Every structure is written in structure tokens, then in C-alpha cells.
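Residues per chain are reported as follows:
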Amino acid sequence: MGWAISVHGGAGDIPLSLPPEKRLPREAGLRRCLDVGIAALKAHNHPLDVVELVVRELENNPHFNAGKGSVLTTSGTVEMEACIMDGKTMKCGAVSGVSTVVNAISLARLVMDKTPHIYLAFDGAEAFAREQGLETVEMSHFITPENIERLKQAQEADRVQLDYTQPIQKEVPKDAALADGDSQIGTVGCVAVDNEGNLATATSTGGIVNKMVGRIGDTPIIGAGTYANHLCAVSATGRGEAIIRGTIARDVAAVMEFKGLSLKEAAAYVIDQVPRGNAGLVAVSSTGEVAMPFNTTGMFRACATEDGYSEIAIWDSPTK
Ligand code: ASP
């Protein structure tokens, strides 16, 4: 038994032809965040602190769809969501509809640590962030030119991105600044286990491009996008509506517990139950096993374990 960590930067229809200028910054971001997490685990930080730290780094990186870099609602606004969970105590915290908080994952952590509740949203979440003295900024801070362009393209194509893993339905010029597939980036997540078997998970997102104002996805829903217990920690990504229907994150733990499967077997089984093209996840078990299956074209992901294994990848699911 040793420590293990895995991060993801979103699953979706990521074309094999993704140009280097779009691939490399995301790979570098994953590598950097993985290194931050490894150092924190080696320094014997609790996995809960490790996953919060790593997800904060990913939120601060504009190449991912969380924090700065969050995709836009149909009104051009940002509504971020985040969730964190501790496997041993099963304490958890979640937020939705946050538009000024620099690190939504830390707000989720405060909901977990400082309130009798699990989930705060919109005005109440914003007010709580201010009461707790969390860093806040104007919403415009989170909005990148790329995301203004993504929203424009989605709206020109009449594409409410509930179907965001599917090809654009209306024709978009071939030389459009952002090719099909580029919008399928970015929700972030991290799962970690220390060498005492303590598990934690954290997920953060801006949601999906051109989502309705007020739409809540899988990320903050305990058991759908995010879940941890004494057996495993899971963070999912992909089409939120499919992930909620499939209760993906909880199902991995349930299949391990009720069927006695290993983490890898359970994760692959659960992803296989979701309609193709919809979901991926990263997970670690209490014994230091890692699983990163997906049924989309790709998933930005990375992992490392105490025995020296490390991997960064986008395509080629281990389940395929
Ligand atoms: N699951 C996220 C959502 O539906 C999106 C993603 O993972 O990229 O909000």
C-alpha cells in the first residue's frame, strides 16, 4: 500500500488532430499540478488538503474549464461549481452558481468544514464566501477571449451544449478560430490516497458551453460527479446529465463493495454502463490502485503512484 494521485482536465470529443498549441499547455498544466500533488503527499499532507491544493492550481490555469477559463452560460455569464469529499469521515461540501469566487473548491471546503450543510448555491454561496473572507473578483476576471468565441460558435450553431460531446449540428466554417472538439475541454478533478489509506476527491467546473442560466451539472452532486468513501475516491467528467443519471462516482464504490471487484474492474464496469461518448473518471483506491477509464474520444488525465509509476495521456482508454 502506498500513496497515489490522479488528476483530470476533462473528457469529451477531443480530436486526435488537436493542435499542439491547444494540447501542450494543458499537458503542461496537468504535469505541474500532478507535481504539486506528489510533493504535498510526500510531505504527508492529508489527501483532503492535497486535492484542494491541486484543484486550486487547475482553477487558476485558464486552459481548463474551471475558475479562470470557465465556459459561459447562454447569457455570457460564469456559473462555477465545485465539490470536495473526504473518504474516511464522508464529510463533503459543494457549491453551484458561483460567479466571483476565485477558487470555488475552497468555498466547497468551507461549506464542508464550517456549516451544518453540504451544498450552497448562487446568492447564499456568494454571501458565505464573503463572510468567510475568500478572495473574490469581478466576474469578468474569469472570462477568457476563447470562451467568448466558444459561446459565439455554439450560439451560431444553435448548439445548446447539452449535447456538447456531439459534433456541431449546423455547419461552422472549417477555418473557424476554434475547431469542433476544442470546446470539449476542461472540467478538472483530483483524487488522492496517502499511505495510510486516507482518501479524498475534488472536482471543479464552469459546466458546459451555452448552458442555461441556473443549470446544475454532475460536478457538485455527491455520488454523481464526485464521491469518496473508505474504499475509493472518484472524480467524473463529461456530459453532466448522463453522469447524474448514472450516479457514476457512487456506483464505482458500490460495485467494489457489493460485488467485490477491484477499483479498475469497478471503474471500467461503471463507465461501460454509460452511453458511449458521455463520460470519464479518475479514481484511486485505499490500497493505492489507480483507474482512469472513459468512453469519450479522449480525457486529459495524469497519475502517479508511490512505486514510481507516472503517466500523462489524452487518448487510448485503458478500457478500450
Ligand atoms: N461534467 C461537467 C458538466 O456537465 C462538464 C465536464 O466534465 O466537462 O457540468
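Residues numbered from 1 in each chain as written. Predicted model: local features only at pLDDT ≥ 70, side-chain atom pairs only at ≥ 80, totals over all residues. Heavy atoms only, no water.

Per an unreviewed UniProt entry, the protein chain carries the name beta-aspartyl-peptidase and comes from Gossypium hirsutum. Turning to the protein chain, the UniProt annotation filed under Catalytic activity (unreviewed entry) states: "Cleavage of a beta-linked Asp residue from the N-terminus of a polypeptide." (UniProt positions renumbered as here; feature names shortened; annotations may be inferred.)

Draft legend 1. The UniProt feature "active site" (unreviewed entry) in the protein chain, seen in detail. UniProt's feature table lists "active site" (unreviewed entry) at Thr187, given in the numbering used throughout. Those residues in contact with Thr187, other than ones at most four positions away along the chain, are His8, Gly9, Gly10, Asn65, Thr203, Ser204, Thr205, Thr219 and Thr237. (Contact = heavy atoms within 4.5 Å.)

Draft legend 2. Seen up close, the site of the ligand. Residues in contact with the ligand amount to nine residues; listed here are only the nearest, Thr187, Arg215, Asp218, Thr237 and Gly238. In the model, a nitrogen atom of the ligand is placed 2.6 Å from a nitrogen or oxygen of the Asp218 side chain. Backbone polar atom of Gly238 to a nitrogen atom of the ligand: 2.7 Å apart, as the coordinates give it. Within the complex, the protein chains bury 99% of what would otherwise be the 270 Å² of accessible surface of the ligand. Of the residues that constitute the shell around the ligand, the class distribution is two nonpolar, five polar and two charged. (Near = heavy atom within 4 Å. Polar contact = N/O pair within 3.5 Å; in protein donor to acceptor, adjacent residues only side chain to side chain. Areas by Shrake-Rupley, 256 points an atom, 1.4 Å probe, with all protein chains shown as cover. Nonpolar A, V, L, I, M, F, W, Y, C, P; charged D, E, K, R; others polar.)

Draft legend 3. Structural context of the state of the cysteines. Within the structure shown, the criterion is met by zero disulfides. The closest cysteine sulfur to the non-disulfide-bonded Cys190 is located on Cys33, 8.6 Å from its own sulfur. (Disulfide = S-S within 2.5 Å.)

Draft legend 4. Expanded view of the confidence of the model for the protein chain. Per-residue pLDDT for the protein chain averages 91, and the proportion of residues at 70 or more is 90%. Of the regions scoring below 50 in pLDDT, residues 161-182 engages in 48 contacts with residues more than four places distant in sequence or in other chains. (pLDDT = per-residue confidence, 0-100.)

Draft legend 5. Representation of the UniProt feature "binding site: substrate" (unreviewed entry) in the protein chain in the model. What UniProt calls "binding site: substrate" (unreviewed entry) maps, in this numbering, to Arg215, Ile216, Gly217, Asp218, Thr237, Gly238, Arg239 and Gly240. For Arg215, the position within the fold is in the loop between strand E6 (199-205) and strand E7 (226-228). For Arg215, a relative accessible area of 12% corresponds to the buried category. Its relative accessible area of 11% is what places Gly238 among the buried residues. (Helix = DSSP H or I, 4+ residues; strand = E, 2+ residues; numbered from the N terminus. Buried < 20%, exposed > 50% of the residue type's maximum accessible area, 1.4 Å probe, protein only.)

Draft legend 6. Geometry of the sheet that holds E7. With antiparallel pairing, four strands are arranged side by side in an open sheet as E7-E8-E9-E10. This sheet does not close on itself; its edge strands, each paired only once, are E7 and strand E10 (290-291). In this sheet, E10 lies alongside strand E9 (residues 279-285) in antiparallel orientation, the contact comprising two bridges. Considered in E10, the bridge of Val284 is made with Val290. Taken strand by strand, helix H7 (residues 248-259) contacts E7, strand E8 (232-238) and E9, and its axis lies near 145 degrees from that of E8. (Pairing = 2+ DSSP bridges. Axes fitted to C-alpha atoms, helices over the stretch in contact; angles between N-to-C directions.)

Draft legend 7. Representation of the nonpolar core. Among the nonpolar cores identified, the biggest contains 50 residues, and Ile5, Val54, Ile84, Val95 and Leu107 are the most heavily contacted of them. Looking at this core, the element that brings in the most residues is helix H3 (residues 104-114), giving seven residues. By size, the runner-up hydrophobic cluster in this structure holds 40 residues, among which are Met85, Ala228, Ala266 and Ala291. (Core = buried A, V, L, I, M, F, W, Y, C linked by side-chain atoms within 4.5 Å.)

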